[in-house]
Amino acid sequence: MQRVHVAVGVILDPQQNILLTRRHGHVHQGGLWEFPGGKVEPGESLATALARELREELDIAPERSSPLLAIHHDYGDKSVLLDVHVVWQFSGEPRGLEGQPLAWVPVAELQDYAFPAANEPIIPAIRELLG
Ligand SMILES: Nc1nc2c([nH]c(=O)n2[C@@H]2O[C@H](COP(=O)(O)OP(=O)(O)OP(=O)(O)O)[C@@H](O)[C@H]2O)c(=O)[nH]1
Ligand SMILES: [Mg+2]
């Protein structure tokens, strides 16, 4: 089975809204909302992978981040290890460079968005962190 290591960012704005993007319909877990990020390449650190993915997907650069949690999940066709980091500060103005829709969402409204199954522990962890 395919195993993928993924660097994922919970990106906050100064009002503590969280940046979500919607996955394209044709890809794995397509049509669902996600936290931006992507696969860690061989030899790459998590910080480097996260910075590269946020540059490629959103044209922003993380300036301050900290680990939130790591999640193993088996989708059957694919198993993922999501290394989730909170991005407290970034430079640049996020744009969907891959044409993906963006939304800035208050913590209290995250529950209204449909996420991939692996993401289940992320919202409780954000609530605990931000209160
Ligand atoms: N970015 C991201 N990926 C997630 C989340 N939850 C989750 O299960 N994944 C899974 O993690 C895997 C890798 O993420 P990705 O598709 O963003 O990888 P990537 O940016 O490198 O894209 P690529 O497929 O073009 O190389 C996918 O199978 C995706 O379904 C999430 O919240 N954010
Ligand atoms: Mg991605």
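What you are looking at is a predicted structure, and each value in this text was computed from that prediction instead of being measured. (Residues numbered from 1 in each chain as written. Chains lettered and ligands numbered in written order. Predicted model: local features only at pLDDT ≥ 70, side-chain atom pairs only at ≥ 80, totals over all residues. Heavy atoms only, no water.)

Colleague: Just to check I follow, could you spell out the pairing of strand β2 (residues 17-22) for this structure?
Modeller: Taken residue by residue, a regular strand's side chains alternate between the two faces of the sheet. Among the 6 residues of β2, 5 are classified as buried, and the element is accordingly described as predominantly covered. Two strands pair when backbone bridges link them, and β2 and strand β7 (residues 102-106) are joined in this way by 5 bridges, in the antiparallel orientation. Counterpart to I18 in the pairing with β7 is V105. Strand direction decides the pairing type here: β2 and strand β3 (residues 33-34), joined by 2 bridges, are antiparallel. Residue pairing in the sheet places T21 in a bridge with E34 of β3. (Buried < 20%, exposed > 50% of the residue type's maximum accessible area, 1.4 Å probe, protein only. Helix = DSSP H or I, 4+ residues; strand = E, 2+ residues; numbered from the N terminus. Pairing = 2+ DSSP bridges.)

Colleague: Quick question: what am I supposed to make of the coordination of the magnesium ion (ligand 2) here?
Modeller: As a benchmark, a tetrahedral metal site with four donors has ideal angles of 109.5 degrees, while an octahedral site with six donors has ideal angles of 90 or 180 degrees. With distances of 2.1 to 2.2 Å, the protein atoms coordinating the magnesium ion (ligand 2) are G37 (O) and E57 (OE). Note that G37 is positioned in strand β4 (residues 37-39) and E57 in helix α1 (residues 46-58), a separation of 20 residues in sequence. (Donors = N, O, S within 2.8 Å, 3.2 Å for Na, K, Ca; no water.)

Colleague: I would appreciate a short explanation of the UniProt feature "binding site: Mg(2+)" (unreviewed entry) in the protein in the present structure.
Modeller: Here, the residues flagged by UniProt with the feature "binding site: Mg(2+)" (unreviewed entry) are G37 and E57. Considering the C-alpha atoms alone, the annotated residues occupy 21 residues of sequence yet fold into one spot, their largest mutual distance being 7.7 Å. Excluding its chain neighbours within four sequence positions, the residues that come into contact with G37 are A7, V8, E53, L54 and E57. In contact with E57, other than residues within four places in its own chain, are E34, P36, G37, R95, G96, L97, E98 and Q100. (UniProt positions renumbered as here; feature names shortened; annotations may be inferred. Contact = heavy atoms within 4.5 Å.)

Colleague: How do you make sense of the UniProt feature "domain: Nudix hydrolase" (unreviewed entry) in the protein when you look at a structure like this?
Modeller: Mapped onto the present numbering, the UniProt feature "domain: Nudix hydrolase" (unreviewed entry) falls at residues 1-130. Across residues 1-130, helical content stands at 17% and strand content at 42%; the span's end C-alpha atoms are separated by 36 Å.

Colleague: Explain the sheet that holds β3 here, please?
Modeller: Pairing between the strands of a sheet is mediated by backbone hydrogen bonds and can be parallel or antiparallel. Overall, antiparallel pairing links the 3 strands, which are arranged β3-β2-β7 in an open sheet. With one partner strand each, in any of the chains shown, β3 and β7 form the two edges of the open sheet.

Colleague: I keep staring at the site of ligand 1 and nothing clicks. Help me out?
Modeller: Residues in contact with ligand 1 amount to 17 residues; listed here are only the nearest, H28, F35, K39, Y75 and N119. F35 is positioned such that a nitrogen or oxygen atom in its backbone is 2.6 Å from a nitrogen atom of ligand 1. Between K39 and ligand 1, the recorded distance is 2.6 Å, taken from a side-chain N or O atom to an oxygen atom. A total of 620 Å² of accessible area belongs to ligand 1 in isolation, and the protein chains cover 79% of it. Where the shell around ligand 1 is concerned, the elements lending two or more residues are β4, α1 and β6 (78-91). The element that contributes the greatest number of residues to the shell around ligand 1 is β4, accounting for 3 residues. (Near = heavy atom within 4 Å. Polar contact = N/O pair within 3.5 Å; in protein donor to acceptor, adjacent residues only side chain to side chain. Areas by Shrake-Rupley, 256 points an atom, 1.4 Å probe, with all protein chains shown as cover.)

Colleague: Please explain helix α2 (residues 122-130) as it appears in this structure.
Modeller: Note on helix geometry: an α-helix contains 3.6 residues per turn, so any two residues three or four positions apart are oriented the same way. Along α2, the residues classified as buried are I122, I123, A125, I126 and L130. Buried residues in α2, looked at end-on, bunch into an arc of 160°, giving them a common side. Elements in contact with the buried residues of α2: β1 (2-11), β2, β5 (61-74) and β6. Positive phi appears at G131, one or two residues downstream of α2, with a value of about 75°. (Arc of directions from axis to C-beta.)

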